Amino acid sequence: MKRRYLLTPGPSQVPSFVREALGREMMHHRTEEFREILKVSGEGLKEIFCTKNPVLTLASSGTGAMEAAVTNLVNKGEKIIVLRGGKFSERWAEIAKAWGIETINMDVVWGTSPDPVELDKLLTANKGVKAVYTTLCETSTATVFDIKSLAQVTKKHNVMIAVDAISGLGQDLLLTDEWGVDVVVSGSQKGLMLPPGLAFISLSEKAQAAAMTANQPTFYFSLKKALKNYEKNDTAFTPAVSLIVGLKDAVNAIKEDGVAARFVRFAKMAYAVREAGKAIGLTVYSKRPSDSVTAFHVPEGMKAKEIVKKMRKEYGLSIAAGQGEELEEKIIRIAHMGWVNEQDLIMCFSLLEKVLKDMGYKIKIGASVARFQEVIYG
Ligand SMILES: *Cc1c(COP(=O)(O)O)cnc(C)c1O
């Protein structure tokens, strides 16, 4: 018998109070009772998204909302810019390509954030760009992009900005309205403490107007339809009823903690994680580390997947290796999102120390845990 601890950057751990909500008796969705649940969870999402605008709930994984953000905002023949610096930011360009949308890619070194000055130049040189697509937490490199500065640039050029906050939402600071972000996309299985299966998308007035008039073919992921139903606390199709019942409780719990207080808490936890790693000689991969997930270079001569596998097989605790050929074996990633707390991370470091030691890495047992405790409790 083994317990399972999920410190992967999605899916993340689901608390027992949410699991209990997910298992309740099925209810019909065209009822007052369900509409109230949809309304309360939708209002709660607005707080977490830091927006006064609608946050739509779709039945898909996060990528469904990413695709909707492309197909519903960009008309045939219009151009977009994609800011790429890892596996997930590349996805925006892959979606655009699949839909035949002309895309200008601005690539940055992995582990760094796109430079707003470069974006400014690119937008000056390319008139008629409809929107810029980018990422809050680039999960593959554990890097947080400087959305605030990038949104200042898009605002200056009167171009929309869409942000993939699937992993970052709730941990990495994102002040959607204050920073002038038009579209924010997220998913249920990371910071929101739910199983996979729901996608979310917030739309500024400008983005709503674009969605109402867009001329790409859409059906299931028509945001026009979703917006019209949202006004009536309804959904166009059968919603993922149980997940939305769970969402209400998850969102309420986050509100009880306080959205602002959680940003502070995750920033401190992320700092403690970086410090703990350094205390056993690990180095942080990212130049602009995220508060949702941390990536460390694996020690010389070791393979990331082997470390991950040993931790899971021997102790039931899951972290992640890298993504993409280049990074796969080079980094390990520890998620601190959603339900993950300080005590989970202490356990994670104690097991990481044990596994690294077993693999022949010179280590002073307890050093990372001590440093973590010093930062958190000290
Ligand atoms: C997990 C993740 C996705 C993918 O979401 P799915 O729910 O698997 O579709 C996209 N972007 C980022 C930044 C992610 O972390």
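Residues numbered from 1 in each chain as written. Predicted model: local features only at pLDDT ≥ 70, side-chain atom pairs only at ≥ 80, totals over all residues. Heavy atoms only, no water.

### Thoughts on helix α6 (residues 147-156)
1) Next: When α6 is considered as a whole, its buried residues turn out to be I147, L150, A151, V153 and T154. The arc enclosing the buried residues of α6, seen along the axis, measures out at 155°, which places them on a common side. Facing away from the buried surface of α6 by more than 90 degrees, the exposed residues are Q152, K155 and K156.
2) Next: In this structure, the buried residues of α6 make contact with β3 (79-84), α5 (116-125), β5 (129-135), β8 (160-164) and α7 (176-179). (Buried < 20%, exposed > 50% of the residue type's maximum accessible area, 1.4 Å probe, protein only. Helix = DSSP H or I, 4+ residues; strand = E, 2+ residues; numbered from the N terminus. Arc of directions from axis to C-beta. Contact = heavy atoms within 4.5 Å.)

### What about the nonpolar core?
1) Next: With 51 residues, the main nonpolar core has L119, I147 and V181 as its most contacted residues.
2) Next: Among the elements that make up this core, the one with the highest residue count is helix α10 (residues 241-257) (eight residues).
3) Next: Residues contacting L119, with those up to four places away along its chain left out, are I81, L83, M106, V132, L150, V153 and T154.
4) Next: Counting 37 residues, the second-largest nonpolar core is a separate cluster that includes V273, V298, I332 and C348. (Core = buried A, V, L, I, M, F, W, Y, C linked by side-chain atoms within 4.5 Å.)

### Some remarks on the environment of E20
1) Next: Summarising the element assignment, E20 is placed in helix α1 (residues 16-22).
2) Next: Using a relative accessible area of 46% as the deciding quantity, one classes E20 as partly exposed.
3) Next: With 198 residues separating them along the chain, E20 and T218 place their C-alpha atoms 35 Å apart.

Any functional reading would require information beyond the geometric quantities listed.
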